[in-house]
Amino acid sequence: MTRGKIKLEYIANVAEWKGSFKKRKMGLLNKVHELCTLCGVEACAIIYSAYEPEPTVWPSPLDAQQLISRFQELPEMEQTPRMFNQESYTDKRIRKSQEQAQKAAEEEQNKRHGNSSCTNALAGY
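To start, this report covers the structure provided alongside it. The structure presented is a predicted model; accordingly, all values stated were derived computationally and were not measured.

Observations regarding helix H1 (residues 14-39)
Next up, step 1: Its 26 residues place the ends of H1 37 Å apart at the C-alpha level, agreeing with the 38 Å of an ideal helix rising 1.5 Å per residue.
Next up, step 2: For H1, the elements touching its buried residues are strand S1 (45-47) and strand S2 (56-58).
Next up, step 3: A side-chain oxygen of the first residue of H1 lies 2.9 Å from the backbone nitrogen of Ala15; this N-cap is Asn13.
Next up, step 4: Just downstream of H1 lies Gly40, where phi reads positive at about 70°.

This is how it looks when you write it as structure tokens:
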């Protein structure tokens, strides 16, 4: 039996919010653990909350720091082949849209020239 889709909205009741946060945080940490175990990747998670004095760090603060340090020591080209920030994502989308618009304009121009050639051939020009 499947659960129905829940409507995502801010939880105003603080007790419900804290309970939901705790369950979802544990679920997220479990998913990171599964990802590391099943896929053989290294990962860490750091979760900050306004209601907890210290952030939750998985697998441990020392392991997370070592993993982050190793990542930062990589050359930039190895760090970022598929990593995006908002600016690089937007730039990539703009370039892609411009290329699509240029391709569509070229196709439209080819259609016009192609149709006029056919019309000219039929008219005997």
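Topic: a nonpolar patch on the surface
Next up, step 1: A contiguous nonpolar patch, built from Phe71, Leu74 and Met83 and spanning about 250 Å² of accessible area, is present on the exposed surface.
Next up, step 2: Checked against the element boundaries, Leu74 lands in the loop between helix H2 (61-73) and helix H3 (76-79).

Reading guide: rules and limits
- The written sequence of each chain sets the order in which its residues are numbered from 1.
- Selection of residues for local features in this predicted model requires a pLDDT of at least 70, selection of side-chain atom pairs for listing and counting requires 80 or more, and totals for whole chains, interfaces and linings are taken over all residues.
- Side-chain metrics in this entry use all non-hydrogen atoms of the structure; hydrogen atoms and water are not considered.
- The helix and strand labels rest on DSSP assignments: H or I over at least four residues marks a helix, E over at least two residues marks a strand, and numbering proceeds from the N terminus.
- One less than the residue count of a helix, multiplied by 1.5 Å, gives the span that helix is expected to have.
- Throughout, a contact is declared for two residues whenever any of their heavy atoms are within 4.5 Å.
- N or O atoms closer than or at 3.5 Å make up a polar contact, with two conditions inside protein: a donor-capable atom paired with an acceptor-capable one, and, for residues adjacent in sequence, both atoms drawn from side chains.
- Any residue with relative accessible area above 30% and no salt bridge may belong to a patch, with like charges joined within 9 Å and the nonpolar Val, Leu, Ile, Met, Phe, Trp and Tyr side chains within 5 Å.
- We get accessible surface area from the Shrake-Rupley algorithm with a probe of 1.4 Å; when it comes to residues, only the shown protein chains can shield them.
- Salt bridges are counted wherever a side-chain nitrogen of Lys or Arg sits within 4 Å of a carboxyl oxygen of Asp or Glu.

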